[in-house]
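# Descriptive analysis of the structure
Each chain, written out:
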Amino acid sequence: MADRELMASRLLVVDDDQAFGRLMKRAAEPCGYEVVATDDPRDVRRIVQTWRPAVIVLDLQIPGIDGIELLRRLATDQCGAQLILASGVDGRTLEAALELGRERGLKMAGTLAKPVDLQHVRELLEKFRPADNGRLLHDLRAAIPLGQLFLEYQLKLDCQTGRVTGVEALVRWQHPTLGLVRPDRFIPLAEETCLIDPLTDWIAATAIRQAASWHSQRFNLDVAINISAKNAQDIELPDRLARHCAECGVAPASVILELTETSAMRNAVQLLDVLTRLRLKGFELAIDDFGTGYSSLVQLRRMPFSELKVDCSFVMRMTTDKECRFIVETLIDLAHKLGLRSVAEGVENAEALAALRAMGCDSAQGYYLSRPLPADRLAAFLKEHKELPAAATPRDASAAG
Ligand code: C2E
Ligand code: MG
Ligand code: MG
């Protein structure tokens, strides 16, 4: 079934729990979805083929047929809908089912652990409205010249000394009618088109200029910039970034380029060319969201990274989930054994920060230390807290942002 045949705002809910169907309706209809719920798995293939929903929310445990079997059948039918898996099973099983769907060539949009959070459902659904995506992309083209984009900066703390060593630049879009649009919503759209190139260029130039301004105020901050998969295939990227640095008088050594693990592993030769040249020019390279992608350790060793960022999904749960704690500990150890600096993102409480210090983690980043802040507020925050003692009380700035 081809994508173009799908009906953009139709959502099918497959669940034997009718209350869940009603809840999904409550979440999805305000987002503009037409919702059909069925509790009979035998109906699913017929509905999918005739009603052609763009999104399907599927419970993995329905009496009469299991969700895995249904996934197999949908794959056989070449179903092009975005699939969201919902279930009360443990997170690992849910993730395994998601991976299985991907391997079968289905478009796996995400998981919903029951009991579901309405806000989370809405955020997931917001992503898959093709009609809106077209409009958003159209508006995004004009967003740079119209000055609607801006950067926020989230500080990074040296776990051992408590000193702020740098920031990560995170892009935001103040849309005239939609309000604040998160990067998760528009970066993937930009990545599907050439728009990601001017966008990253603007972000890098702005962040490097901002770093120069901080340096002139004696805030010696490194600045981390997120680079998309597509950017990292662009052989002119190293020269462009070096030019921005030269124009602003910022040493490339104080610029860290963050690549996600998944994107880091595509088209390895071209990528290795770009990354190696970036390193030769003096830039630092971080592998972002490590632990969630599909790279092998061999690939990690081959790429010239200097820093490993442990994915926030593990760090956020490390104080309540023993497995997550072990994963964080292992990844920090792995980073050090490979000669990389370790950074944990998603530090949300003092306990996590203390545990990271004990594990020997180099840097921490997270809401407990500070939310991402606009440049002027970050400077004010730093003037107030020159050194953030590790494992101290929550910062007031984290309540703002
Ligand atoms: P990322 O690079 O992994 O950035 C970290 C994200 O985690 C940020 O979300 C940040 O606000 C959030 N975060 C930080 N600390 C905490 C915490 O303690 N708890 C929780 N729950 N979240 C925390 P944000 O700003 O929404 O960015 C999301 C993703 O969008 C980024 O993930 C990155 O992949 C992408 N992105 C953001 N800015 C840019 C950009 O300028 N260029 C590109 N290419 N991608 C960007
Ligand atoms: Mg990042
Ligand atoms: Mg990250």
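Going by the structure above, here's the rest.
So, here is what we can say about the structure in this document.

What counts, and at which threshold
- Residues numbered from 1 in each chain as written.
- Chains lettered and ligands numbered in written order.
- Predicted model: local features only at pLDDT ≥ 70, side-chain atom pairs only at ≥ 80, totals over all residues.
- Heavy atoms only, no water.
- Donors = N, O, S within 2.8 Å, 3.2 Å for Na, K, Ca; no water.
- Helix = DSSP H or I, 4+ residues; strand = E, 2+ residues; numbered from the N terminus.
- Buried < 20%, exposed > 50% of the residue type's maximum accessible area, 1.4 Å probe, protein only.
- Near = heavy atom within 4 Å.
- Polar contact = N/O pair within 3.5 Å; in protein donor to acceptor, adjacent residues only side chain to side chain.
- Areas by Shrake-Rupley, 256 points an atom, 1.4 Å probe, with all protein chains shown as cover.

Glancing now at the coordination of the magnesium ion (ligand 3). Within the protein, the magnesium ion (ligand 3) binds to Asp288 (OD), Asp289 (OD) and Glu345 (OE); these donor distances fall in the range 1.8 to 2.3 Å. Considered as a linear motif, the donors of the magnesium ion (ligand 3) on their single chain read D-D-x55-E. Separation of the magnesium ion (ligand 3) from the magnesium ion (ligand 2) amounts to 3.9 Å, with aspartate 288 serving as a shared donor to the pair. Of this pair, aspartate 288 sits in strand E13 (residues 284-290) while glutamate 345 sits in strand E15 (residues 341-345), and the two are 57 residues apart along the sequence. Residue classification places glutamate 345 among the buried residues on the basis of a relative accessible area of 9%.

On to the coordination of the magnesium ion (ligand 2). The magnesium ion (ligand 2) binds to the protein through Glu168 (OE), Asn226 (OD1), Glu258 (OE) and Asp288 (OD); the donor distances cover 2.0 to 2.3 Å. Counting along the primary sequence, the residues that act as donors to the magnesium ion (ligand 2) give the motif E-x57-N-x31-E-x29-D.

Taken together, 23 residues are adjacent to ligand 1, and Arg172, Asn226, Asp288, Glu348 and Tyr367 come closest. The contact in question runs from an oxygen atom of ligand 1 to an N or O atom on the side chain of arginine 172, over 2.8 Å. If ligand 1 stood free it would expose 800 Å²; the protein chains cover 87% of that surface. Elements that contribute at least two residues to the shell around ligand 1 include exactly strand E9 (164-175), helix H7 (183-191) and E13. Here the shell around ligand 1 takes 4 residues from E9, the largest share from any one element.

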